[in-house]
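Structural characterization, general
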Amino acid sequence: MVTLTLCLVEIDSQFSPCGDGHVFHDSQACDGTEACSTGEDEPNFDDCAMECLTYTGDLCIPSGWICDGLDDCLNERDEQGCLQ
């Protein structure tokens, strides 16, 4: 049961609220397509789709780097929970 709980917490951490009762996956943020009816997944697109420390010392990565098969974040968060 502990493993299932940890798995669900990890999955939940990859989603953000839309503000209309729905959620969107972090990979959908700033991808040019509104996943939320409120547009909260596309606010002021600035090439920072996910905040994380990178190998080059940057503090965020663009949407094209999320779920692309390459670990860009030091904690590998950008490749976790990706659908193949």
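If you're wondering where the values come from, they're calculated on a predicted model, not measured in any experiment.

Criteria and cut-off values
Residues numbered from 1 in each chain as written. Predicted model: local features only at pLDDT ≥ 70, side-chain atom pairs only at ≥ 80, totals over all residues. Heavy atoms only, no water. Disulfide = S-S within 2.5 Å. Helix = DSSP H or I, 4+ residues; strand = E, 2+ residues; numbered from the N terminus. Buried < 20%, exposed > 50% of the residue type's maximum accessible area, 1.4 Å probe, protein only. Core = buried A, V, L, I, M, F, W, Y, C linked by side-chain atoms within 4.5 Å. Contact = heavy atoms within 4.5 Å. Polar contact = N/O pair within 3.5 Å; in protein donor to acceptor, adjacent residues only side chain to side chain. Patch = residues over 30% accessible without salt bridge, like charges linked within 9 Å, V, L, I, M, F, W, Y side chains within 5 Å. Areas by Shrake-Rupley, 256 points an atom, 1.4 Å probe, with all protein chains shown as cover. Salt bridge = Lys/Arg side-chain N within 4 Å of Asp/Glu carboxyl O.

With that settled, the discussion passes to the state of the cysteines. Under the definition given, this model contains 3 disulfides. Covalent S-S linkage joins Cys18 and Cys36, the inter-sulfur distance amounting to 2.0 Å. Its S-S torsion of about -65° marks the bond between Cys18 and Cys36 as left-handed, since a negative value means left-handed. Within this pair, whereas Cys18 is found in the loop between β1 (15–17) and β2 (23–25), its partner Cys36 is found in the loop between β2 and β3 (50–51), the two being separated by 18 residues in sequence. Neither Cys18 nor Cys36 differs from the other in exposure class; each is buried. Disulfide partner of Cys67: Cys82, at an S-S distance of 2.0 Å. Residues Cys67 and Cys82 are joined by a disulfide whose S-S torsion is about -85°; by sign, that bridge is left-handed.

This part covers the nonpolar core. Grouped together as the largest cluster of nonpolar side chains are 7 residues: Cys30, Ala49, Met50, Cys52, Ile61, Ile66 and Cys73. In contact with Met50, other than residues within four places in its own chain, are Asp26, Leu59, Cys60, Ile61, Ile66, Cys73, Arg77 and Asp78.

Checked against the element boundaries, His25 lands in strand β2. There is a polar contact of 2.8 Å between the side chain of His25 and the side chain of Ser27.

Once that is clear, we can look at unusual backbone geometry. A positive phi angle, near 60°, is found at Cys67, a position not held by glycine. Within the element layout of this structure, Cys67 appears in the segment after β4 (60–61). Classification of Cys67 as partly exposed rests on a relative accessible area of 31%. Despite not being glycine, Glu76 shows a phi value in the positive range, around 60°. Structurally, the position occupied by Glu76 is in the segment after β4.

With that out of the way, let us pick up a nonpolar patch on the surface. Taken together, the side chains of Leu53, Tyr55, Leu59 and Leu74 make up a nonpolar region of the molecular surface, amounting to roughly 440 Å² of accessible area. Assignment of secondary structure puts Leu59 in the loop between β3 and β4. Take Leu59: its relative accessible area is 64%, and that puts it in the exposed class.

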